[in-house]
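# Per-entry structural report
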Amino acid sequence: MAFDEQRYTREVLEPAREAGGLPPEDLTVRYQLREAMTAAEVAETVRQVRQCWRRARGMLKYKRLADRLEADHSRFAPIFSATADGDLAPLREALGESEHRAARRLAGAGGRLDDAAGRLRMLSPALVATIARSSGVSTEEAARLAAERSIEVREPDRLPEAPPYPGFAKVREALDTLGMPHLGRFLFGDECTGMRVLDGFAVAGGGSVRDAAAEAARRWATRTRGPWTVSADTVLAALRNSPDPEALIRYDIVARLRERIREHPYDDTLLRHATTDLDLATGDARRLIFAVRGEGGLTGGPSARLRELVDAGEIHAAADFAEALDPGALTGEAAELATEVRARLAHAVRLRDRARAALDPDDAWLAVRDALQRVPDLPGAAELLARLAPHPARAVRAAIQGEGVSLVWQPSPSRAGRVLYDVYRDGIALETTERPSARDEHPPVNTPVTYWVVARRDDAVAMPAMAQPVVVQPEPGAVRLTAGDGVVSGRWTRPAEATRVIVTRDGRPVTAGDTGFRDRDVTNGTSHIYVVSAAYAGPDGEVVTPGVRRTVTPLGRPRPVTDFTLRPDPSAPGTFLVQYEEPATGELEIVGLDAAPPWPMGTTLSLAELRAATRPIPSAPTRDGQSIRPGGGQGVLLAVTVAGELATVGRHIEHLNLAPPARLTAQRRGVTVYVGFVWPPDVPEVEVRWNGRSMIVNSAAYRAQGGVRLDVPEGEPVTVEVAPTSMVHGERVRGTAVSLRLSGHVPVRYDLSQQGPAWRRSLVVEVTADRPVRLRRLALVLKPGHVQPKSADDGILLAEWTDLEVPARLTVPAPRQAKPYWLRCFAEGAVEGPRWATGGGGRGAGGAPGHQEPAGRDHPAYAGPVWNDGVLRNDSVLEDMLRDGGYLWDAPAPEGAATDPGQGSGEPAAADGEVALIDPPVRRMKVG
């Protein structure tokens, strides 16, 4: 949006001047910034705003404000310099701070208004303006703050200065003698509670004042004569002889309030006195106290009056006031103001005269605008401005688009002021816009319509610019053509004003009704062009619209596919290959249903009906048919042949997609094999087979037990196979299985002992096994200290044996080593296959039973002590594993990978077994 100097002066400079010359704290207001501005737009807007300040400085009323704005700008110059370089962060921070300062300024003004209003909750407009000016907010903002705080802003009521009855002093003396607090109590007694004396006199439940005076006279006439009756007669005489008895009561109340206010009581005390002692209604009490407190203001002489007129923008009136003053009264500030007023008035008159002589209305408008900025009450200037119309718009064009009319025109060349455009249709106003375009959404149909555009600047209008007449004749709506087997049908909505609808096919007429047609004279496989037009009655005969064009190709009835095969694609799990014989007409699609299709094979239906009742199956063409991904679960696959808008139902088959388990792992721990895998989605059960045995496991049992446990002798190899399965029509169906093989374990145990005398001790290593086995290498390692060795390289090698036949008894000299120290054996065997889930020691020499050294936390297989589905288990299996130091990994192991905690220490004893070296008790390995 371009910078609008007039708007800126009206909305920013003028309120700031009224607020005592304090600039607005909010930088978005001060610099006319918007949220969506770019850095370049911010820099340009700030430049234009500063130019506006410099021009405003030439006017005396804005001079102090402009100086203050320029002085403040030096604080923000670094921020705008960073913005010009593309860095908006300092500006955003400064905007946030300015919003807080503006909020604090408003809060301070509201607090001052609260303090000034007190309990009366009333303020005069002059006082509100004074507080606004001293607080740095506009008068409008101060009025809004007062309204939010339930403060009534009003002028004080005018109160009588002199008593309406000359002998009022005698009346007061008589009332005091009678002990009456005021005149209303004398007349109405206790009934005058809640008395109203402003905007007319009224007492709840009481009559008029004269009736009450007559009743009081009758009442006092029955009493015995004395001082009391004399005083009553004085009061009654005043009421009879007063031209306005109600005014006399009002003056009595006001006089008593004035006496009390001279004592400077608090508002609470005054309100209590007015409502309790003087019997006033609460509203009248507040208004009277407010009015009495506001009495006694002092004027400021000629300078104050001149300043008031200048601040109100009444420069011409201020000049007349200065001319009417005695020259001796124009001294000091008054003389300065008078000089300023005369100069501004003279300059404004010259601008007005120049505008009257100008030939260009834009130049004249600018001159008058400048004159009014200097002297808003310049005589004749407003009328002259209303006559300075902008240049007219040009080249108005009206074009029919759909059922509406779009209008575009060349904008007015005038650039002075805000130019608006009033759009008319046949003399009826449609809209007002700033853009050189408009649209008529609901023009008359089949009737010539004329549009014209009038450029307007304020109240001054230019000559209208007219467009050529247009006639709106809508086309048929919602045209839809459907092609079938040797037939094409169409439907539409006829416009209400059209006499009929005309249809042609390839330029030849087709018999049609008001809402549709059915054309059987078509050839399958041939594209036909249809044109659907509306006919309207015109003055020179029937008028036909250009029409709506549609191209359709009728096709023969699609032939059903009576047979197809479905087999899994081994290269892409979850994908199936469909093979079939291509139909003579149409294309085959495979769609899914939850149950058997409701249509017999060979049924032809609309494509829309088929789509509504089935779900699409993702597919891709292959050399021999299609590749589809039906997803998991059970359903029905239906073959349909689609041709145009028709589909013919073919064969269907029931399909159950059982996804195979993923990441199958197995771990042998003694005579138990723990099997884990990622449970396949949408599979209720799996079948586990091993060594000629099988079992069915559901997902609940799998998760409750933390996997599957199989009992297999430790030395027996095992092949584990897991397949998804489900019951279909009472029969169990198996999906694709995954399997892995674990070799058997051959436990090898060793024991350490010493023999011989103390001066010639020997260390004996006894190695035993359940059956003969050979170790490729056996190492005896010593490690000083309290920490046991973890591998053959973690210590001092005392002895080693290769190609060792087990059982064996080995002897070595006892080591000469200070205690304490550890002795452990390590067997190095050839472990075939991956070792992705084993530790370095395993059930090796010197290790605790079942101990594994876990991979580090940076290892890709590390997942902590969890089962393969990533859920921490607290069942007995996991407790055994944690107690033994073992880990199960949730890692990307190869499909079918087998893991065994004993694999790091032995060597295959045979084709179907592995060696597991088992440590003796700790007390035999640690010396000292």
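About the criteria used
Residues numbered from 1 in each chain as written. Predicted model: local features only at pLDDT ≥ 70, side-chain atom pairs only at ≥ 80, totals over all residues. Heavy atoms only, no water. Helix = DSSP H or I, 4+ residues; strand = E, 2+ residues; numbered from the N terminus. Buried < 20%, exposed > 50% of the residue type's maximum accessible area, 1.4 Å probe, protein only. Contact = heavy atoms within 4.5 Å. Areas by Shrake-Rupley, 256 points an atom, 1.4 Å probe, with all protein chains shown as cover. Salt bridge = Lys/Arg side-chain N within 4 Å of Asp/Glu carboxyl O. Pairing = 2+ DSSP bridges. Axes fitted to C-alpha atoms, helices over the stretch in contact; angles between N-to-C directions. Phe/Tyr/Trp six-rings, centres within 6.5 Å; stacked < 30°, edge-to-face > 60°. Lys NZ or Arg CZ within 6 Å of the ring centre and 35° of its normal. Parallel < 35°, antiparallel > 145°, perpendicular 65-115°, else oblique. Left-handed = near helix turned anticlockwise from the far one by under 90°. Core = buried A, V, L, I, M, F, W, Y, C linked by side-chain atoms within 4.5 Å. Bend = angle between axes of the 7 residues up to and from the residue. pLDDT = per-residue confidence, 0-100. Nonpolar A, V, L, I, M, F, W, Y, C, P; charged D, E, K, R; others polar. Polar contact = N/O pair within 3.5 Å; in protein donor to acceptor, adjacent residues only side chain to side chain.

## What to know about the overall build of the protein
- Looking only at helices and strands, one finds 23 helices and 46 strands in the protein.
- Across the 928 residues of the protein, 44% fall into the buried class.
- Considering only residue pairs separated by 6 or more positions, the protein has 65% of its internal contacts joining residues 24 or more positions apart.
- As displayed, the protein has an accessible area near 46,800 Å², and 51% of this comes from carbon and sulfur atoms.

## Points about the pattern of salt bridges
- In total, this model carries 44 salt bridges according to the counting rule given.
- Measuring nitrogen to oxygen at the nearest pair gives 2.8 Å for the salt bridge that ties arginine 144 to glutamate 148. Of this pair, arginine 144 and glutamate 148 both sit in helix H7 (residues 139–148), 4 residues apart, roughly one helical turn.
- Residue arginine 144 is classed as partly exposed on the basis of its relative accessible area, which comes to 37%.
- Across the pair arginine 809 and glutamate 766 runs a salt bridge, and its minimum N-O distance is 2.4 Å. Here arginine 809, found in strand S42 (residues 808–813), pairs with glutamate 766, found in strand S39 (residues 762–769); they are 43 residues apart in sequence, far enough to count as distant.
- Connected through salt bridges with shared partners, the residues Glu152, Arg154, Asp157, Asp199 and Arg287 form a single ionic network.

## Let's talk about the environment of valine 254
- Structurally, valine 254 is set in helix H12 (residues 245–261).
- Valine 254 sits in the buried class, given a relative accessible area of 0%.
- Beyond its immediate sequence surroundings of up to four residues, valine 254 is in contact with Leu159, Leu288 and Val292.

## Topic: the pairing of strand S32 (residues 685–690)
- One ladder, built from 6 bridges, connects S32 with strand S33 (residues 693–698); its direction is antiparallel. Among the inter-strand pairings, glutamate 685 is bridged to a residue of S33, identified as asparagine 698.
- Between S32 and S33, which pair antiparallel one after the other, the connecting turn spans 2 residues, and asparagine 691 there sits at a positive phi close to 45°.
- In terms of strand pairing, S32 meets strand S35 (residues 718–728) through 6 bridges, oriented antiparallel. Bridge assignment links tryptophan 690 to a residue of S35, and that residue is valine 720.

## Side note on the sheet that holds strand S27 (residues 625–628)
- In spatial order, the strands read S21-S22-S27-S26; together these 4 strands make up an open sheet with antiparallel pairing. Strands with a single pairing partner mark the edges of an open sheet, and in this sheet they are strand S21 (564–568) and strand S26 (619–621). Averaged over all pairs of adjacent strands, the angle between their axes in this sheet comes to 25°, without regard to strand direction.
- With 4 bridges connecting them, strand S22 (residues 576–580) and S27 associate as antiparallel partners. Pairing of glutamine 579 across the sheet is with glycine 625, part of S27.

## Some words on the packing of aromatic side chains
- Under the counting rule described, the total for this entry stands at 13 aromatic pairs.
- For the ring pair phenylalanine 168 and tyrosine 251, a centre distance of 5.1 Å and an interplane angle of 80° mean the geometry is edge-to-face. Here the residue phenylalanine 168 occupies a position in helix H8 (residues 168–178), and tyrosine 251 occupies one in helix H12, the gap between them amounting to 83 residues.
- Residue tyrosine 251 is classed as buried on the basis of its relative accessible area, which comes to 10%.
- An aromatic cluster is built from Tyr31, Trp53, Phe76 and Phe80, whose rings are joined through pairwise contacts.
- It is arginine 223 that lies over the ring of tryptophan 220; its NZ or CZ is 4.2 Å from the centre.
- The positively charged end of arginine 651 is found above the aromatic ring belonging to phenylalanine 564, 5.6 Å away from the centroid.

## Quick word on the packing of helix H10 (residues 209–221) against helix H11 (residues 227–241)
- The interhelical angle for the contact between H10 and H11, taken along N-to-C directions, is 155°, at an axis separation of 10 Å. Judged on the interaxial angle alone, H11 and H10 are roughly antiparallel. Our pair here, H10 against H11, has a crossing hand that is left-handed. For the pair H10 and H11, contact is made by Arg210, Ala213, Ala216, Ala217 and Trp220 and by Trp228, Thr229, Ala232, Leu236, Leu239 and Arg240, respectively.

## With respect to the nonpolar core
- One finds Phe186, Leu187, Leu280 and Leu288 to be the most contacted residues of the largest nonpolar core, which totals 48 residues.
- If you list the elements that add at least two residues to this core, you get H8, helix H9 (183–188), H10, H11, H12, helix H13 (267–277) and helix H14 (282–293).
- Top contributing element to this core by residue count: H12, with 8 residues.
- Residues in contact with leucine 288, not counting those within four places in the same chain, are Leu159, Val197, Leu198, Ile253, Val254, Leu257 and Leu280.
- Among the nonpolar cores identified, the runner-up in size contains 30 residues, and Leu309, Val310, Trp365 and Leu384 belong to it.

## Some thoughts on helix H4 (residues 60–84)
- Taking the largest bend as the criterion, H4 deviates by roughly 55°, centred on arginine 75, and proline proline 78 comes between one and four positions later.
- Buried residues of H4: Lys61, Tyr62, Leu65, Ala66, Leu69, Asp72, His73, Phe76, Ile79, Phe80, Ala82 and Thr83, and no others.
- Structurally, H4 contributes buried residues whose contacts are with helix H1 (5–18), helix H2 (27–30), helix H3 (39–56), helix H5 (89–117), helix H17 (333–357) and helix H18 (361–374).
- Among the residues trailing H4, glycine 86 stands out with phi positive, at a value near 100°.

## Focus on the sheet that holds strand S23 (residues 587–593)
- Strand order across the open sheet formed by 5 strands is S24-S29-S28-S23-S25, with antiparallel pairing between neighbours. The sheet is open, and its two borders are formed by strand S24 (604–606) and strand S25 (615–616), each paired with just one other strand.

## Topic: the confidence of the model for the protein
- In the predicted model, the protein carries a mean pLDDT of 80, and 89% of its residues have values of at least 70.
- By mean pLDDT, the top-scoring element of the protein is S42 (93), and the lowest-scoring one is helix H22 (residues 876–884) (33).
- Predicted confidence is poor over residues 830–912, with pLDDT under 50, and the contacts of this stretch with residues over four places away or in other chains come to 201 contacts.

## Focus: the environment of valine 12
- With respect to the helices and strands, the residue valine 12 is situated in helix H1.
- According to the relative accessible area criterion, valine 12 is buried, its value standing at 5%.
- Sequence spacing of valine 12 and serine 138 is 126 residues, and the spatial spacing of their C-alpha atoms is 9.6 Å.
- Excluding residues that lie within four positions of it along the chain, valine 12 makes contacts with Arg7, Pro24, Val29 and Gln32.

## Focus: the packing of H1 against H4
- Interaxial distance between H1 and H4 falls to 9 Å at its minimum, and their mutual angle equals 95°. Relative to H4, the element H1 is oriented roughly perpendicular. From H1, Thr9, Leu13, Glu14, Ala16 and Arg17 reach across to H4, where they touch Lys61, Tyr62, Leu65 and Leu69.
- When the residues that make up the contact of H1 with H4 are grouped by side-chain class, the tally is 5 nonpolar, 1 polar and 3 charged.

## Quick notes on the side chain of arginine 824
- By the element assignment, arginine 824 lies in strand S43 (residues 821–827).
- Under the relative-accessibility criterion, arginine 824 is labelled buried at 3%.
- A distance of 2.5 Å separates the side chain of arginine 824 from the backbone oxygen of proline 789, its partner in a polar contact.

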